[in-house]
Amino acid sequence: MASKKTAEIPSGAPRIDIGISEKDRKKIAGDLSHFLADSYTLYLKTHNFHWNVTGPMFNTLHTMFMTQYTEEWTALDEIAERIRALGYMAPGSYAEFVQLSSIREEEAPGALDWREMVRQLVVGNEAVCRTARKVIKTADGAGDDPTVDLATQRLQVHEKNAWMLRSLLE
């Protein structure tokens, strides 16, 4: 579902005409908004676990989580800017992210052991993968190659992260 806010076109500015219909741009922006919310929620969870991990895997996971959340942070801007390029407002509040995300935050992350943190990040990365695939399908159907490319690149990162994290639990 697209955000209810649409970009206001300043007086005198031309309408967006990038070869994608307004209806398709709205649908893609809506899917990207869900993708941004999932990505932001995963970023926040990864950063939280980086701060709060303890136990025998501390050094390994502290470093791994930092690498992942740093990469995720950079990607958030690319996703939001793509929504804006399509002519829609990017969600940017916790309230919007909670409403749009398929990933749930933890009530008491300090009570989790490192294995549960890793398990949750596997599940979170896989959720982002599923959302990316929805974006790709919608964008591909509308001929939106830049969005397909962006989501495909993100999909590759999150599939790899899920695999690396899962390997710690095997």
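Higher on the page you've got the structure.
Residues numbered from 1 in each chain as written. Predicted model: local features only at pLDDT ≥ 70, side-chain atom pairs only at ≥ 80, totals over all residues. Heavy atoms only, no water.

A.B. asks: Can you explain the packing of aromatic side chains? Please cite residues and give values.
C.D. replies: Summed over all chains, the structure comprises five aromatic pairs. Ring geometry for Tyr 43 versus Tyr 69: centroids 6.2 Å apart, planes at 75°, classification edge-to-face. Of the two residues, Tyr 43 is situated in helix H1 (residues 22–52) and Tyr 69 in helix H2 (residues 58–85); the sequence distance between them amounts to 26 residues. Both residues of the pair, Tyr 43 and Tyr 69, belong to the buried class. (Phe/Tyr/Trp six-rings, centres within 6.5 Å; stacked < 30°, edge-to-face > 60°. Helix = DSSP H or I, 4+ residues; strand = E, 2+ residues; numbered from the N terminus. Buried < 20%, exposed > 50% of the residue type's maximum accessible area, 1.4 Å probe, protein only.)

A.B. asks: Tell me about the packing of H1 against H2, and please be specific about residues and values.
C.D. replies: Where H1 meets H2, the closest approach of the two axes is 9 Å, and the angle between their N-to-C directions is 160°. With respect to H2, the element H1 is oriented roughly antiparallel. With respect to the hand of their crossing, H1 and H2 are arranged in left-handed fashion. Grouping the constituent residues of the contact of H1 with H2 by class yields 16 nonpolar, seven polar and two charged. (Axes fitted to C-alpha atoms, helices over the stretch in contact; angles between N-to-C directions. Parallel < 35°, antiparallel > 145°, perpendicular 65-115°, else oblique. Left-handed = near helix turned anticlockwise from the far one by under 90°. Nonpolar A, V, L, I, M, F, W, Y, C, P; charged D, E, K, R; others polar.)

A.B. asks: Give me H2: which residues, what numbers.
C.D. replies: Taking 1.5 Å of rise per residue, the 28 residues of H2 would be expected to cover 40 Å, and the 41 Å separating its terminal C-alpha atoms lies within 8% of that figure. Within the sequence span of H2, burial applies to Leu 61, Met 64, Phe 65, Gln 68, Tyr 69, Glu 72, Ala 75, Leu 76, Ile 79, Ala 80, Arg 82 and Ile 83. Where H2 is buried, its residues contact H1, helix H4 (114–141) and helix H5 (145–167). One or two steps after H2, the chain reaches Gly 87, where phi turns positive at roughly 100°. (Expected span 1.5 Å × (residues − 1). Contact = heavy atoms within 4.5 Å.)

A.B. asks: Can you explain the nonpolar core? Please cite residues and give values.
C.D. replies: Ranked by internal contacts, the top residues of the largest apolar core, which has 44 residues, are Ile 28, Leu 32, Phe 35, Leu 36, Leu 61, Phe 65 and Leu 165. Contributions of two or more residues to this core are made by H1, H2, helix H3 (94–100), H4 and H5. Tallying contributions element by element places H4 first for this core, with twelve residues. Once residues lying within four places of it in the same chain are set aside, the contact partners of Phe 65 are Thr 46, Phe 49, His 50, Val 53, Val 118, Leu 121 and Leu 165. (Core = buried A, V, L, I, M, F, W, Y, C linked by side-chain atoms within 4.5 Å.)

A.B. asks: Go over the side chain of Arg 154, please, and point to the residues and values.
C.D. replies: One can find Arg 154 in helix H5. The class for Arg 154 is buried, based on a relative accessible area of 5%. Side chain to side chain, Arg 154 and Glu 71 meet in a polar contact 2.4 Å long. (Polar contact = N/O pair within 3.5 Å; in protein donor to acceptor, adjacent residues only side chain to side chain.)

Scope: geometric values only; no functional claims are made or implied.
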